[in-house]
Every structure is written in C-alpha cells, then in structure tokens.
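Here is what each chain is made of, one letter per residue.
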Amino acid sequence: GGGGGGGGDAGLAEALLCLAARMPALLDVGSDLCRPLMQLLDWYLLHDAAGLLCGRLLAARAGMLSTLLEEAVRSSCADRRGTIAVAGAMHSLLVLAPAHAPLLERPLALVAQAVLQGPCEGQGEGYSELSLATFGGVAGRALLVAPSTFEAALSSAASALGLAQPLPAFCFAWLAVCDGMLLSSQRRLAALALAALLPLEPKALGCLEEVLSLCVSALADEEQPPPSPARSPPPEAVRAAFSHALEPFDSLAAMPLRPALQRSLGVAQEAHGAAFGAAIARVDPALLEQVRAAFGTV
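Just so it is clear, the model here is predicted, and its values are computed rather than measured.

The rules behind each value
Residues numbered from 1 in each chain as written. Predicted model: local features only at pLDDT ≥ 70, side-chain atom pairs only at ≥ 80, totals over all residues. Heavy atoms only, no water. Helix = DSSP H or I, 4+ residues; strand = E, 2+ residues; numbered from the N terminus. Phe/Tyr/Trp six-rings, centres within 6.5 Å; stacked < 30°, edge-to-face > 60°. Buried < 20%, exposed > 50% of the residue type's maximum accessible area, 1.4 Å probe, protein only.

Further remarks concern the environment of A60. Tracing the chain through its elements places A60 in helix α4 (residues 56-75). Distance in space between the C-alpha atoms of A60 and L17 is 9.6 Å, their sequence separation being 43 residues.

Inspection of every chain in the model, using the stated rule, returns four aromatic pairs. For the pair W43 and F242, a centre-to-centre distance of 5.2 Å together with 75° between the ring planes defines the contact as edge-to-face. Of this pair, W43 sits in helix α3 (residues 34-50) while F242 sits in helix α12 (residues 237-246), and the two are 199 residues apart along the sequence. We classify W43 as partly exposed; its relative accessible area is 27%. Arranged with centres 5.7 Å apart and planes meeting at 75°, the rings of F150 and F170 form a pair that is edge-to-face. One end of the pair, F150, is in helix α8 (residues 147-161); the other, F170, is in helix α9 (residues 166-176), with 20 residues separating them in the sequence. Classification of F170 as buried rests on a relative accessible area of 0%. Put simply, the rings of F150, F170 and W174 touch in pairs and so form one group of aromatic residues.

If you want it as structure tokens, here you go:
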C-alpha cells in the first residue's frame, strides 16, 4: 500500500540489498542465468541512482559487483545475448554512477582484451562481431566518462596480450567490428569516443579516414527521422523500458554531436601538427568532401 513512509522504503531497500548479495551464487548455478541476472542488475543500478536504495548498492558492494561482472564477462563468451546483457549492465553503471567506474577496471580489461583479439573465426569459442561492437561501446563510454579507468583497463589488456601500443590497436580493432553497430546510438558513441582517442596517440592517426567516415555516418543519423518499426524491429519490452528509464541520466546522449566532434578533431590537429595535416592529405577526396559538408570544414 501507500503507507509506511520512509520506514517502508528502508525495509524494501534492505530486502533488495539482501537479494543483491546473492547474485554471485546465481551466476554460479549456470551461465544461462547470466542474461536475466544482468537485466536485474540494470534495474538495481537504476534504483540505486534514483534514490530507492540510497546509494547503498555501489557504496557497500563494489567488490562483489566487480567480481560478478568479471565472472559474467567470462561465462557469457559463448552466449551472444548473455554477452550483450553483461555489456549493458556495465554501460548502465557508467551512465548512472560514473564515480564508481573504478570497480569496472577488471571486467573492462577483459572487454578490451576481447576487442583487441577480434572475432572468432569459424570454430571454437569466442565473441561475435556484434558482441565485440557492443564491448567497444562500453570501453568507449568508459574513455569518455572515466578516462583513468579506461587507461588502466587497456593497460591490463595490453599486458595480458603482450601489446606495446594498445591505443592505436584498440582503435583499429573497434573499427574492424563497426559493421556490428546496428543502432545509431552505438555509432554516435563510437564517433565521440574514437574522435576523442585521436589526440592521445600519433599512431591513432592511421585510422583517421575510418574515424572521419564514422563521424559523417553518425552526423547523418542525427539528420534522419527515426526508422519505422518495419525497418527496425523493436527491442524486447524489458530492455526498451529500461533504455527509456535510463535516458534522463545519460549526459552523453544530450551532448550536441557536431561541436563535440569538431572539438576533438581540433585538439588532434593541435596535438599532432604536421602529422595531422599529412594524415588528412591521405584521406579519400570524396570522403573529405563529405566531411567538409558535414562539419563546414576540418
């Protein structure tokens, strides 16, 4: 009922937090529980951010959640829907509570490692292109809202793989699976993140043409009316309801795209000087025309 006031809310919060403590045991039962468990975690994170759990989920259970997400990334490898649900929960945490991003460092290292290794070819266990495109988006969101966590995770992934220059390798690997970015929101996030990566490392200019192409696509998406249901099947109801509830918390979704991309490209131009000019000179002239039309200039 409606009565009970704060005491009722506190009792409900206590019961929900007790249930949350049992999540790792559920994952131990079997990897087929990974997807529903991650969807449940999504709603927990939302209610924690919205005040129902008074911020106590992340504050008190950071270690448990870090281990849970790390195990979920490992256990979902062969299950595309499970993988996408794990990525969704990590994404939710970065949207709702970026201050708690450090608890994602170990799961994010596995995500970055998977992207760097690329899709499995044919037989054997491995992640699909669609899963890796989604993983790339989680890492990209981390770069934009929690750069030190992204850097630590990428550094761990590079150590595990023996990579000397992980940043340009990550750019190329993420771009290699960008055909798996089915949603305009994924392309938008990728354009923002990859443009923000360009100033950080001169060798990242090797993928300038691909990044500019993605920026043009993302800007074109913004001009388009939303696709009709016939062209784009609606996501399942639970996920759609959650995405709708998440929107007011998403600072990147509200960020105007063109000025943000122009800013990143300007910073890259300043950071790399003549090398940026040389990289622009190598870009396909037809694409440069599209870039100039989209941005006014570059």
